[in-house]
Amino acid sequence: MSRNHEECVALLEQIRWNGKPKCPYCESTNATAYKNERRYHCNECFTSYSVTVGTLFHKTHVELQKWFVAIHLVLNSPGGISVRQLAKEIGVNRNTAAYMIERIRKTQIQEQIFLNKITEIDRPKNF
């Protein structure tokens, strides 16, 4: 996977918001970007948010690059992928890999279109 964190965040912003930040709490598009990070301040409800709020990436410490590879592997592996195999492929421990698979499967049921957009746009070149 050749994308860095900033490129992954930009890709998510394009998929979720079509480039225009939208508050996940009040749905307002009236926001101010923070200068030093990819976060926004809603001028309607006065909350701070990023593109990961309300997604399977929210409140995780795993890099977005690893999430994108994991999504591709979980959704496109014939016969599925084991926890151990995913852990080895993306360089996380087995508990983290199990957690990621669980979140991906849950999101697959609830938001299939969102995951499809990630896998369509972000096809790893080495898979």
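Residues numbered from 1 in each chain as written. Predicted model: local features only at pLDDT ≥ 70, side-chain atom pairs only at ≥ 80, totals over all residues. Heavy atoms only, no water.

**Notes on the sheet that holds strand β3 (residues 48-49)**
Pairing is antiparallel in the open sheet, where 3 strands are placed in the order β1-β2-β3. The outermost strands of the open sheet, each flanked by one partner alone, are β1 (31-33) and β3. With 2 bridges joining them, strand β2 (residues 40-42) and β3 adopt antiparallel strand pairing. Considered in β3, the bridge of His41 is made with Ser48. (Pairing = 2+ DSSP bridges. Helix = DSSP H or I, 4+ residues; strand = E, 2+ residues; numbered from the N terminus.)

**Here we look at helix α1 (residues 5-17)**
Between its first and last C-alpha, α1 extends 18 Å over 13 residues, near the 18 Å set by a 1.5 Å rise per residue. Listed in full, the buried residues belonging to α1 are Cys8, Val9, Leu11, Leu12, Glu13, Ile15 and Trp17. Its side-chain oxygen placed 3.1 Å from the backbone nitrogen of Glu6, Asn4 serves as the N-cap of α1. Phi turns positive, to about 55 degrees, at Asn18, one or two residues after α1. (Expected span 1.5 Å × (residues − 1). Buried < 20%, exposed > 50% of the residue type's maximum accessible area, 1.4 Å probe, protein only. Polar contact = N/O pair within 3.5 Å; in protein donor to acceptor, adjacent residues only side chain to side chain.)

**Describing the state of the cysteines**
As used in these notes, a disulfide is a covalent bond between sulfur atoms, one from each of two cysteines. Applying the stated criterion across every chain, the model contains 0 disulfides. Between Cys23, a free cysteine, and Cys45, which holds the nearest cysteine sulfur, the sulfur-to-sulfur gap is 3.6 Å. Since its relative accessible area comes to 1%, Cys23 is described here as buried. Unpaired in terms of disulfides, Cys26 finds its nearest cysteine sulfur in Cys42, a separation of 3.5 Å. (Disulfide = S-S within 2.5 Å.)

**Quick look at the pattern of salt bridges**
When their charged atoms lie close together, side chains carrying opposite charge are able to pair. Taken as a whole and judged by the stated rule, the model has 4 salt bridges. Notably, a salt bridge pairs Glu6 with Arg38, separated by 3.2 Å at the nearest N-O pair. Taken together, the positions of Glu6 in helix α1 and Arg38 in the loop between β1 and β2 put the pair 32 residues apart, joining distant regions of the chain. Between Glu27 and Lys22 there is a salt bridge, with the nearest N and O atoms lying 3.4 Å from each other. Taking the relative accessible area as the measure of exposure, Glu27 reaches 52% and is therefore exposed. The class of Lys22 is partly exposed, set by a relative accessible area of 34%. Here the salt bridges do not stand alone but share partners, grouping Glu6, Glu13 and Arg38 into one network. (Salt bridge = Lys/Arg side-chain N within 4 Å of Asp/Glu carboxyl O.)

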